[in-house]
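What follows is the residue order along each chain.
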Amino acid sequence: MISARPVHFTVNGAAATVTVEPRTTLADALRNELHLTGTHLGCEHGVCGACTVIVDGAAVRGCLMLAAQAEGREITTVEGLGSAAHLSALQLAFRKHHALQCGFCTAGILTTAHALLTDEPHADEDRIREVISGNLCRCTGYLPIIAAIMEARIAYRDVQCEAAQ
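Keep in mind the model is a prediction, meaning the values are calculated, not measured.

Colleague: Would you take a moment to explain helix α5 (residues 143-164) for this structure?
Modeller: Along an α-helix, residues three or four apart share an orientation, since each turn contains 3.6 residues. Spanning 22 residues, α5 covers 32 Å between terminal C-alpha atoms, matching the ideal 32 Å at 1.5 Å per step. In the structure, α5 departs most strongly from a straight axis at Arg153, where the bend amounts to approximately 25 degrees. Of the residues making up α5, those classed as buried are Pro144, Ile145, Ile146, Ala148, Ile149, Ala152, Arg153 and Tyr156. In this structure, the buried residues of α5 make contact with α2 (89-96), α3 (106-119) and α4 (125-132).

Colleague: For this particular structure, what's the right way to read unusual backbone geometry?
Modeller: Of note in this structure, Asn12 is not a glycine but carries a positive phi near 55 degrees. Within the element layout of this structure, Asn12 appears in the loop between β1 (5-11) and β2 (14-20). One non-glycine residue, Tyr142, lies in positive phi territory at about 75 degrees. Position of Tyr142 among the secondary structure elements: in the loop between α4 and α5. The exposure class assigned to Tyr142 is partly exposed, which follows from its relative accessible area of 23%.

Analysis parameters
- Residues numbered from 1 in each chain as written.
- Predicted model: local features only at pLDDT ≥ 70, side-chain atom pairs only at ≥ 80, totals over all residues.
- Heavy atoms only, no water.
- Helix = DSSP H or I, 4+ residues; strand = E, 2+ residues; numbered from the N terminus.
- Expected span 1.5 Å × (residues − 1).
- Bend = angle between axes of the 7 residues up to and from the residue.
- Buried < 20%, exposed > 50% of the residue type's maximum accessible area, 1.4 Å probe, protein only.
- Contact = heavy atoms within 4.5 Å.

Following this line, the structure appears as structure tokens:
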């Protein structure tokens, strides 16, 4: 029998260590060990996108990645995008455009959109549609989600401009 081992990584800017069995997924470790319950588990096959987190800048399905694979990596969950007191520009745009209803898919869509806009702040509507096509939402019809992401691009462009200076 293979025993649990510690895995060290950074999550939302803070060092974290979880002791997990080798078969534990990253999503399960985040939810059960670190109590970061914004990462949702839907299909557990990587299809729905509800478990999407950002690993070293890339959107990754947390249900398909083992926690052990996160050793030494930088992870951002939806909790790392903003706080209740200080929502991110993307979260504010989602609120403004009513881009969520039941909220189950929202964390995965937010992290997916954040990863996209961080890399491609000038992404056009077709590119946004392409990227979020892997995130299933049964409530909104996607139109308010796309409108929110389109609006949030401005804030990501501003960050990119500031970083270039």
